[in-house]
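Notes for the structure review
The primary structure of each chain is shown beneath.
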Amino acid sequence: MLLLAVAFIVTFVLLLYVVSPLISPKPLKLPGAHVVVTGGSSGIGKCIAIECYKQGAFITLIARDENKLLQTKKEIEKYCVNDKQVVLCISVDVSKDYEHVENVLKQAQEKLGPVDMLVNCAGTSVTGKFEDIEVNSFERLMAVNYLGSVYPSRAVVATMKERRMGRIVFVSSQAGQLGLFGYTAYSPTKFALRGLAEALQMEVKPYNIYITVAYPPDTDTPGFAEESKTKPLETKLISETSSVCQAEQVARVIVKDAIQGNFNSSVGSDGYMLSILTSGMSPVTSITEGLQQVVCMGIFRIIGLFYLGSFDNIVRRCMMQREKSDSADKTE
């Protein structure tokens, strides 16, 4: 009986692997495609643009700093695979004026054709204790990290629906999968992208448009270096439990998942575990992905509880050390 049960399970799993490609979206071909990357002048955004350019795409880079954009343009052009490729630079703040964002994207499409893939990578971070963060920082981060993704997506989705094809990528963060000490201003903006992505995917899937939400871990970028300067001690100690990834590695994973039409994009074993733990009611691209979530959820939850316990201990120890230090200062 046991052998029969094992044989049934193995047969079922093999059948899923056979059927899965039949229901998965058709991969997007990057050669000749028009890829728009916001926040593309540095960090993960720049590396995504390079990765797409290496595969023959036409690139529109969008960022605020015109000088950085021009420097990045020269760097990207070194990776051209044919003499027809173009890198277009547009200096604009994607979080402020929707009509302006819409107009510049129309201009980009007039020059390079309809947008085949939009990568929303514009973002910023502020770390600190909840009561220490300026109130206007909460507003600014929601504008940049959330509305800065809403506006470009809103500007291109109608054309994608008309063409019955497209990819939209939202670059969130592992801090958009679980809330951590010091990220009370940042995490909610990245969590919001998940809700937007799930709702939007349900709307556009019938039009052969697929949404990808990327959850990169700590990544070696200029933004990460700047963020690290203001991290509370607790945040630094928690961050030490995971390694820092290279932007090129993260970019390759995001581009691969976006091409395939995968809803979740994660890096490394921790990222894989978090994606399954936080899958909830998110869409799946294949039957096998859903099966992995069902099988692994329980054991990953147990592992996750150990992580949470260790994080709580870090916060508690830091609080006790701080109180002892304050008491010692008062007695002197």
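In the block above lies the structure referred to throughout.
None of the values given here were measured: they were computed from a predicted structure. (Residues numbered from 1 in each chain as written. Predicted model: local features only at pLDDT ≥ 70, side-chain atom pairs only at ≥ 80, totals over all residues. Heavy atoms only, no water.)

Observations concerning the overall build of the protein
Here is the rule: Starting at the N terminus, helices and strands are each numbered in turn, a helix being any DSSP run of H or I of at least four residues and a strand any DSSP run of E of at least two. We compute the radius of gyration from the C-alpha atoms alone; for a globule the expected value is 2.2 Å times N to the 0.38, where N is the number of residues. Residue burial is assigned from relative accessible area. The probe radius is 1.4 Å, only protein chains are included, and a residue is buried under 20% of its type maximum, exposed over 50%, and partly exposed in between. Any two residues whose heavy atoms approach within 4.5 Å are treated as being in contact. Computed with the Shrake-Rupley method and a 1.4 Å probe, the accessible areas treat only the protein chains shown as cover for residues. Counting rule for charge: Lys and Arg are taken as positive, Asp and Glu as negative, and neither His nor the chain ends is counted. Here the site of a charge means NZ on Lys, CZ on Arg, CG on Asp, or CD on Glu.
A count of helical and extended segments in the protein gives 11 helices and 9 strands. In terms of overall dimensions, the protein is globule-like: its C-alpha atoms have a radius of gyration of 22 Å, near the 20 Å expected for 332 residues. Projected onto its principal axes, the C-alpha positions of the protein cover 70 × 70 × 35 Å. Expressed as a percentage of its 332 residues, the buried residues of the protein come to 46%. A fraction of 75% describes how many contacts in the protein between residues 6 or more apart in sequence connect residues 24 or more apart. As presented, the protein carries roughly 17200 Å² of accessible surface, and 58% of it is formed by carbon and sulfur atoms. Charged side chains in the protein number 34 positive and 34 negative. The centres of these two groups are separated by 6 Å.

Focus: the packing of aromatic side chains
The condition is simple: Only Phe, Tyr and Trp rings take part, Trp by its six-membered ring, and two of them pair if their centres are within 6.5 Å. Stacked means planes under 30 degrees apart, edge-to-face means over 60, and tilted covers everything else.
A complete count under the given rule lists 5 aromatic pairs for this structure. Each ring, one from Y183 and one from Y186, has its centre 5.7 Å from the other, and the planes form 50°; the classification is tilted. Residues Y183 and Y186 agree in their burial class; the two are buried.

What about the pattern of salt bridges?
This is how it is decided: Any carboxyl oxygen of Asp or Glu that lies within 4 Å of a side-chain nitrogen of Lys or Arg is treated as forming a salt bridge with it.
Considering all chains together, one arrives at 7 salt bridges under this definition. Close ionic contact of E198 with R194 constitutes a salt bridge, the shortest N to O distance being 2.5 Å. Separated by 4 residues within a single helix, E198 and R194 lie in helix α6 (residues 187-204), roughly one turn from each other. For K229, the salt bridge goes to E226, with nearest N and O atoms at 3.3 Å.

As for the layout of surface pockets
Just so we agree on the cut-off: Here the term cavity refers to a set of points on a 1 Å grid, laid over the protein atoms alone, in which a 1.4 Å probe fits but cannot get out; the term pocket refers to an open set having protein on both sides within 12 Å along at least five of seven lines, with lining residues being those that place an atom within 4 Å of a point. Grid points are joined across faces, edges and corners, and a volume is the space filled by probe spheres set on the points. When residue character is reported, Ala, Val, Leu, Ile, Met, Phe, Trp, Tyr, Cys and Pro are called nonpolar, Asp, Glu, Lys and Arg charged, and the others, Gly included, polar.
There is about 460 Å³ of room inside the second largest pocket. Secondary structure elements with two or more residues in the lining of the second largest pocket: α9 (247-260), β9 (264-266), α10 (268-277) and α11 (287-331). Sort the elements by how many residues they give to the lining of the second largest pocket and α10 lands first, with 4 residues. Residue composition of the lining of the second largest pocket, grouped by class: 4 nonpolar, 12 polar and 3 charged.

Section: the packing of helix α4 (residues 98-112) against helix α5 (residues 135-163)
What counts here: In this description, a line fitted to the C-alpha atoms serves as the axis of each element, helices being fitted only across the stretch in contact, and the angle between N-to-C directions of two axes falls anywhere from 0 to 180 degrees. The labels follow the angle: roughly parallel below 35 degrees, roughly antiparallel above 145, roughly perpendicular from 65 to 115, and oblique for the rest. Here a crossing is called left-handed whenever its near helix is offset anticlockwise from the far helix by less than a right angle, and right-handed whenever the offset is clockwise.
Two elements in contact, α4 and α5, have axes separated by 9 Å at closest approach and are oriented at 45°. With respect to each other, α4 and α5 are oriented oblique. Note that α4 runs across α5; the crossing there is right-handed. Side by side, α4 and α5 meet where Y98, V101, E102, L105 and Q109 of the first sit next to Y151, P152, R154, A155, V156 and T159 of the second. In terms of residue class, the contact of α4 with α5 is built from 7 nonpolar, 2 polar and 2 charged.

What about the nonpolar core?
Put simply, the test is: Buried residues of nine kinds, namely Ala, Val, Leu, Ile, Met, Phe, Trp, Tyr and Cys, make up a nonpolar core once their side-chain atoms join them within 4.5 Å.
In this structure, L30, V35, I48, C52, I59, M117 and V119 are the most contacted members of the largest nonpolar core, which totals 34 residues. At the level of secondary structure, the elements contributing two or more residues to this core comprise β1 (34-38), α2 (43-54), β2 (58-63), α3 (66-77), β4 (117-120), β5 (166-171) and α9. The residues touching V119, leaving out its near neighbours within four places in the chain, are V35, V36, V37, T38, I48, V169 and V171. One finds A155, I168, A197 and L200 within the second-largest nonpolar core, a separate group that totals 31 residues.

A closer look at unusual backbone geometry
Unlike most non-glycine residues, R164 shows phi in positive territory, near 60°. Position of R164 among the secondary structure elements: in the loop between α5 and β5. Among the residues examined, R164 registers a relative accessible area of 47% and is labelled partly exposed. Positioned with a positive phi, N208 is a non-glycine residue whose angle comes to about 65°. Given a relative accessible area of 34%, N208 falls into the partly exposed group.

A word on the sheet that holds β1
What links the strands of a sheet is backbone hydrogen bonding, and the strands pair in either a parallel or an antiparallel sense. Condition: DSSP calls a pair of strands paired once it identifies at least 2 bridges connecting them.
With parallel pairing, the 7 strands of this open sheet are ordered in space as β3-β2-β1-β4-β5-β6-β9. Both outer strands of the open sheet, β3 (87-91) and β9, are each paired with one neighbouring strand and no more. Pairs of neighbouring strands in the sheet enclose a mean axial angle of 15°, with direction left out of account. Sheet topology places β4 next to β5; 4 bridges connect them, and they run parallel. Directly across from N120, in β5, lies its bridge partner F170. Along the sheet face, α9 touches β4, β5, β6 (209-215) and β9 and points at about 160° away from the line of β9.

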